[in-house]
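What follows is each chain in one-letter form.
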Amino acid sequence: AVVVTAHFIERRRMASSSLRKSQAQLGPSEGASAPLISEEEVSSAVVVTAETAEAYVQRYARLPRWVRLRRFLFAARRSREPQRTLLASLAMKDAKAGGVDVRSYKEAAELAKESVDSAWIAQTEEKCRALQERFEADLQSKRWACGSGSSQAKDGVFDAYAKLGDLLFEKGDSPQATKCYVRMRDYAATAKRTAQACCRVACAAAAVNNWAHAASYAAKADHYYDESDQNDDDDDDLDFKRAVAAL
């Protein structure tokens, strides 16, 4: 699964020899979806109309929300009217549908020349603020408990960093999310957990177009995933699957 991460990074930007070797071993996979920004979108060949908008959304329905928003906004910035407004409106709708990325929502609204839902913005920002305070407090208490050095205590800190980092990442604060994910790796008790942390760093780096950083951590994730016991009881959690699918 993590090989898919390296596969995307190589196609998109970094073409390192280690990633090419991983790509050669990669067979057809359900997770190997289209790259974050497809070739047709780069060439501005996307044609979306009111009649085809639903099909366009369904095309990316299985991808994580941050990937969909990135695709919609990328295409909208490079499209002429009326495509620009239509794509930006799709991004606005997707951002509000259970998401917390206020930044992308505001950018989409500006592109669509639509007024924002101030009540939703205030409610979402308050929700994120409360969650972040709770996760930070939980992280602090878990770090105090980690003084015992037990594996269970390290797992608690790992999970706390993951929750805080995921919240920051989902609301569009990739730099701060990256800091959480890097520190999260220090508390990984198994090779598989190290791979999960590295994969998150790669995703956060890709979100801000830091391809060198993304490629480096994608390769590390690939390495540690190969070292892990794939038959253990610690199955990939949804966040890890989301991160892999995103790349």
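For clarity, every value in this text was computed on a predicted model and none was experimentally measured.

A.B. asks: How would you sum up helix α7 (residues 102-112)? Please name residues and give values.
C.D. replies: What α7 keeps buried is the set V102, S104, Y105, A108, A109, L111 and A112. Where α7 is buried, its residues touch α5 (65-77), α6 (83-96) and α8 (118-145). Two or three places before R103, at the start of α7, stands the capping residue D101, its side-chain oxygen 3.4 Å from that residue's backbone nitrogen. Among the residues trailing α7, K113 stands out with phi positive, at a value near 55 degrees.

A.B. asks: Which residues make up unusual backbone geometry, and what are the values?
C.D. replies: With an omega of 5 degrees, the peptide bond between E81 and P82 qualifies as cis. Tracing the backbone through its elements, the reader meets P82 in the loop between α5 and α6. Residues other than glycine seldom take positive phi values, yet K113 does so here, at roughly 55 degrees. Relative to the helices and strands, K113 is located in the loop between α7 and α8.

A.B. asks: Account for the nonpolar core, with residues named and values stated.
C.D. replies: A general tendency of soluble globular proteins is for nonpolar side chains to be buried together. Membership of the largest hydrophobic core comes to 57 residues, with the highest contact counts inside it found for Y56, L87, F169, Y181 and M184. A total of ten residues in this core trace back to one element, the largest contributor, which is helix α9 (residues 151-170). Here M184 is in contact with F158, Y161, A162, A197 and R200, once residues within four sequence places are set aside.

A.B. asks: Residues and numbers for the packing of α9 against helix α11 (residues 191-207), please.
C.D. replies: Between α9 and α11, whose axes approach to 12 Å, the crossing angle comes to 15 degrees. As far as their axial angle goes, α11 and α9 are roughly parallel. Note that α9 runs across α11; the crossing there is left-handed. For the pair α9 and α11, contact is made by D155, F158, D159, A162, D166 and F169 and by R193, Q196, A197, R200, C203, A204 and A207, respectively.

A.B. asks: Can you explain helix α10 (residues 174-185)? Please cite residues and give values.
C.D. replies: The terminal C-alpha atoms of α10, which comprises twelve residues, lie 16 Å apart, in line with the 16 Å expected from a rise of 1.5 Å per residue. Along α10, the residues that are buried comprise S174, A177, T178, C180, Y181 and M184. Axial view of α10: buried residues confined to an arc of 165 degrees, hence all on one face.

A.B. asks: Tell me about the pattern of salt bridges, residues and numbers included.
C.D. replies: Under the defined criterion, the tally for this structure stands at ten salt bridges. We note a salt bridge from R193 to D159, for which the minimum N-O separation is 3.2 Å. Remark: D159 occurs in helix α9 and R193 occurs in helix α11; sequence separation between them is 34 residues. Assessed through its relative accessible area of 35%, D159 is described here as partly exposed. The salt bridge involving D166 is made with R200; its shortest N-O contact spans 3.2 Å. Taken together, the positions of D166 in helix α9 and R200 in helix α11 put the pair 34 residues apart, joining distant regions of the chain. What makes D166 buried here is its relative accessible area of 5%.

A.B. asks: Describe the environment of D159, naming the residues involved and giving the relevant values.
C.D. replies: For the pair formed by D159 and L139, sequence separation is 20 residues and the distance between their alpha carbons is 8.6 Å. A distance of 3.2 Å separates the side chain of D159 from the side chain of R193, its partner in a polar contact.

A.B. asks: With reference to specific residues and values, describe the packing of aromatic side chains.
C.D. replies: Scanning all chains against the criterion turns up four aromatic pairs. Ring centres of F169 and Y181 lie 6.4 Å apart, and the angle between their planes is 75 degrees; on these two criteria the pair is classed as edge-to-face. Here the residue F169 occupies a position in helix α9, and Y181 occupies one in helix α10, the gap between them amounting to twelve residues. As far as burial versus exposure is concerned, F169 and Y181 are alike and both buried. Members of the aromatic cluster, connected to one another through ring pairs, are W66, F169 and Y181. Positioned over the ring face of F74 is R78, at 3.8 Å from the centre of the ring. It is K220 that lies over the ring of Y217; its NZ or CZ is 4.3 Å from the centre.

A.B. asks: Explain the packing of α11 against helix α12 (residues 211-227) to me, and be specific about the residues and the numbers.
C.D. replies: Packing of α11 against α12 brings their axes to within 8 Å, and their N-to-C directions diverge by 160 degrees. Between α11 and α12, the angle falls in the class roughly antiparallel. The two elements α11 and α12 meet at a crossing, and its hand is left-handed. Residues A191, K192, T194, A195, C198, C199, V201, A202, A205 and A206 of α11 lie in contact with α12, whose contacting residues are W211, H213, A214, Y217, A218, K220, A221, Y224, Y225 and E227.

Scoring rules and cut-offs
- Residues numbered from 1 in each chain as written.
- Predicted model: local features only at pLDDT ≥ 70, side-chain atom pairs only at ≥ 80, totals over all residues.
- Heavy atoms only, no water.
- Buried < 20%, exposed > 50% of the residue type's maximum accessible area, 1.4 Å probe, protein only.
- Helix = DSSP H or I, 4+ residues; strand = E, 2+ residues; numbered from the N terminus.
- Contact = heavy atoms within 4.5 Å.
- Polar contact = N/O pair within 3.5 Å; in protein donor to acceptor, adjacent residues only side chain to side chain.
- Core = buried A, V, L, I, M, F, W, Y, C linked by side-chain atoms within 4.5 Å.
- Axes fitted to C-alpha atoms, helices over the stretch in contact; angles between N-to-C directions.
- Parallel < 35°, antiparallel > 145°, perpendicular 65-115°, else oblique.
- Left-handed = near helix turned anticlockwise from the far one by under 90°.
- Expected span 1.5 Å × (residues − 1).
- Arc of directions from axis to C-beta.
- Salt bridge = Lys/Arg side-chain N within 4 Å of Asp/Glu carboxyl O.
- Phe/Tyr/Trp six-rings, centres within 6.5 Å; stacked < 30°, edge-to-face > 60°.
- Lys NZ or Arg CZ within 6 Å of the ring centre and 35° of its normal.

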